[in-house]
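# Coordinate inspection notes
What follows is the residue order along each chain.
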Amino acid sequence: YQVLTTGEDAALRFWDLRKLDRSLRSLSGGHHHWVAHAKHNGHHDQLVLSCGTDSAVCLWRAASVASAPLGGETGGGAAGGSGA
């Protein structure tokens, strides 16, 4: 029931389709212009790759949205983006 959206505000947002009043999580800081595309990693759903019209490609970790922690880490640590 969860989807990921991107847009012209340079942020990625995770939504629960059953509760559309607000997003579950928002990731920002990696892009400085529109985010054009984003995709979950098929093997590690905590990882999200995004690209924007600012020519940046960012790899994000969104552990609190994922089903199981990546690499044995626990907690809802902040997701980070790193522009290329």
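A brief report on the enclosed structure follows. (Residues numbered from 1 in each chain as written. Predicted model: local features only at pLDDT ≥ 70, side-chain atom pairs only at ≥ 80, totals over all residues. Heavy atoms only, no water.)

### Structural notes on the pattern of salt bridges
Note that side chains of opposite charge can pair when their charged atoms are close. With the rule as written, the count across this model stands at two salt bridges. Between D9 and R13 there is a salt bridge whose closest N-O contact spans 2.5 Å. Assessed through its relative accessible area of 44%, D9 is described here as partly exposed. Note that D16 and R18 form a salt bridge whose closest N and O atoms lie 3.0 Å from each other. Overall, the relative accessible area of 8% leaves D16 in the buried class. (Salt bridge = Lys/Arg side-chain N within 4 Å of Asp/Glu carboxyl O. Buried < 20%, exposed > 50% of the residue type's maximum accessible area, 1.4 Å probe, protein only.)

### Some thoughts on the state of the cysteines
Evaluation of the coordinates by the stated rule reveals zero disulfides. Its sulfur unpaired, C51 is 9.3 Å from the next cysteine sulfur, which belongs to C58. With relative accessibility at 27%, the residue C51 sits in the partly exposed group. (Disulfide = S-S within 2.5 Å.)

### Observations regarding the pairing of strand 6 (residues 57-61)
Successive residues of a regular strand alternate their side chains across the two faces of the sheet. The alternating pattern of strand 6 places C58 and W60 on a buried face, while none of V57, L59 and R61, on the opposite face, is buried. As defined by bridge partners, strand 5 (residues 47-52) adjoins strand 6 across five bridges and the pair is classed as antiparallel. The residue of strand 6 that forms the bridge with L49 is L59. Once strand 5 ends, the chain turns through four residues before running back antiparallel as strand 6, passing S55 with a positive phi of about 70 degrees. (Helix = DSSP H or I, 4+ residues; strand = E, 2+ residues; numbered from the N terminus. Pairing = 2+ DSSP bridges.)

### Here we look at the environment of L4
Considering the arrangement of structural elements, one finds L4 in strand 1 (residues 2-6). Between the C-alpha atoms of L4 and H37, which are 33 residues apart in sequence, the distance is 9.9 Å. Among all residues touching L4, those that are not within four sequence positions of it are L12, R13, F14, A38, H40 and V48. (Contact = heavy atoms within 4.5 Å.)

### Remarks on the sheet that holds strand 1
The strand order across the open sheet formed by three strands is 1-2-3, and the pairing between neighbours is antiparallel. The strands lining the two open edges of the sheet, one partner per strand, are strand 1 and strand 3 (25-27). Neighbour to neighbour, the strand axes of the sheet diverge by 20 degrees on average, direction disregarded. (Axes fitted to C-alpha atoms, helices over the stretch in contact; angles between N-to-C directions.)

Limitation: the analysis is restricted to geometry and does not speak to function.
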